[in-house]
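Letter by letter, the chains look like this.
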Amino acid sequence: MRGRSRRDLHEVARFVVESRRGLAIGIGVFVVAAVVFRWARHSAGFWSIDDAGITYAAAFEYVDHGSHAAYVEGPPVESYSNPLVFFVVALLRRLHMFNPITTHLRLEMLVFALMVVLVWSVVRRIAGEIAAVMGAGLFTAVQLIATPTWLWYGSGLENVWVSAGLITLLWICVRTVRGVALAPAWGAAAFLVALTRPEAPVYVAGFYVALAVCARPPALTLRAHARQVAIALAVTSVLYAGFVCWRRISYGDWLPNTYYAKLSNELQLAHNLRVSVIGNILPFARSWLLASSAIVLLFVPSFRRIAASLLVLLVASLALPITAENRLLQFLKQLWVLPVDIRLSAHMSKLHFRPRTYSFVGKVPFLDVADKPIADWDVVAKWLVDHVIGSLLLLA
């Protein structure tokens, strides 16, 4: 046993010596990406959005009281949509290391820096060191200049975790194409990616399709490659099955609660796929630009397999974009009879209207859905105004 440990240490030491230049550059990319992320987020300060607070509250309740409720003495409900963040927060809470205002930003900074290193590693395997550093820099700039990523990457939500997960899956495909053996442990990494969002198992399914069809190394037989993919898939499946059983025991349901919350009573998966996925998959967030780039790479022999993997992952990453349109209409039917003004937040909408269409609460734009109905003495006042002014206009 002692001799085996020595051999393992010797292998690690030899790897460090042989790869010291690459390791030094990778560490440098990580540090620079983390510093740039923190600098770009400096003006926003430390803050958490309300949905992140729901996840934190559920994790705190689970650790502090052993309850699966979203609040003290509440019913068990999976109120969050990001199981991986939930488990990370619960672990840090158990270790007394989680502050809901500051800790999440530091975690997201580390995850973002790791994602940039993975991008650097992917480009490095394909195009060399200089192109890798330039690609990592360009990726960092695009991510932190674009408003959606700049905003949500520091909000406490799972956005940066999902992005890092997708980059990880692509990184595994690239290294497999380049001849690195697919170890069973990467099945555990795919399982963690499947926990980032309720629809993330679809991402992982697309990853395994890309891995099996497009990522076989030239030196490996089809049978040997299929065996490696099957073993990794088995690891992912067993771990995710365990998680689903935990969800069933803890919350009493197999599917995530957010699926029901978004779609209400219309739980028709085929209809949802046809309307929400197939019709929107390429127009969604200008994804056709990325798809066209991957299609161009298909005609470059050295990038053909990687481009095919990228296309499969692109389709999978845009799958199940569940919308809440029907749910919102149901809410509106219940709300517009109440004596309140109904406003819908428009800060995430891709539609743009004339400025007079919006009303603002601070700097946040809202769409005016319905004004408060006339009630009480306002009905009498309106009757008098209508009849008096109408009579005067007729006499004039």
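Please refer to the structure higher up on the page.
Residues numbered from 1 in each chain as written. Predicted model: local features only at pLDDT ≥ 70, side-chain atom pairs only at ≥ 80, totals over all residues. Heavy atoms only, no water.

**A look at empty space enclosed by the protein**
Right, so step 1: For the structure shown, the criterion picks out two cavities of 30 Å³ or more.
Right, so step 2: Surrounding the largest cavity, Tyr56, Val85, Val88, Val89, Phe98, His104, Leu107, Glu108, Gly156, Leu157 and Trp161 form its lining.
Right, so step 3: When contributions to the lining of the largest cavity are tallied by element, the ones reaching two or more residues are helix 4 (83-94) and helix 5 (103-127).
Right, so step 4: Class assignment of the residues belonging to the lining of the largest cavity gives a composition of eight nonpolar, two polar and one charged. (1 Å grid on protein atoms, 1.4 Å probe; cavity = no way out; pocket = protein on both sides within 12 Å on 5 of 7 lines; lining within 4 Å. Points joined across faces, edges and corners; volume = space filled by probe spheres on them. Helix = DSSP H or I, 4+ residues; strand = E, 2+ residues; numbered from the N terminus. Nonpolar A, V, L, I, M, F, W, Y, C, P; charged D, E, K, R; others polar.)

**Structural notes on the packing of helix 4 against helix 11 (residues 222-251)**
Right, so step 1: Across the interface, helix 4 lies against helix 11 with an axial gap of 13 Å and an inter-helix angle of 75 degrees. As summarised for this structure, helix 4 and helix 11 are arranged roughly perpendicular, according to the angle between their axes. Residue-level contacts link Pro83, Phe86 and Phe87 of helix 4 to Phe243, Trp246, Arg247 and Tyr251 of helix 11.
Right, so step 2: Class assignment of the residues belonging to the contact of helix 4 with helix 11 gives a composition of six nonpolar, no polar and one charged. (Axes fitted to C-alpha atoms, helices over the stretch in contact; angles between N-to-C directions. Parallel < 35°, antiparallel > 145°, perpendicular 65-115°, else oblique. Contact = heavy atoms within 4.5 Å.)

**Comments concerning the packing of aromatic side chains**
Right, so step 1: A full pass over the atoms with the stated rule returns 17 aromatic pairs.
Right, so step 2: Arranged with centres 6.5 Å apart and planes meeting at 90 degrees, the rings of tyrosine 62 and tryptophan 246 form a pair that is edge-to-face. Pair noted here: tyrosine 62 is in helix 3 (residues 50-65) and tryptophan 246 is in helix 11, with a separation of 184 residues, a long-range link.
Right, so step 3: With relative accessibility at 28%, the residue tyrosine 62 sits in the partly exposed group.
Right, so step 4: The class for tryptophan 246 is partly exposed, based on a relative accessible area of 21%.
Right, so step 5: Here the aromatic residues Tyr62, Tyr80, Phe86, Phe87, Tyr240, Phe243, Trp246 and Tyr251 are joined through ring pairs into a cluster of three or more.
Right, so step 6: Over the face of the ring belonging to phenylalanine 60 we find arginine 93, whose NZ or CZ atom lies 4.0 Å from the ring centre. (Phe/Tyr/Trp six-rings, centres within 6.5 Å; stacked < 30°, edge-to-face > 60°. Buried < 20%, exposed > 50% of the residue type's maximum accessible area, 1.4 Å probe, protein only. Lys NZ or Arg CZ within 6 Å of the ring centre and 35° of its normal.)

On their own, these measurements won't tell you what the molecule is for.
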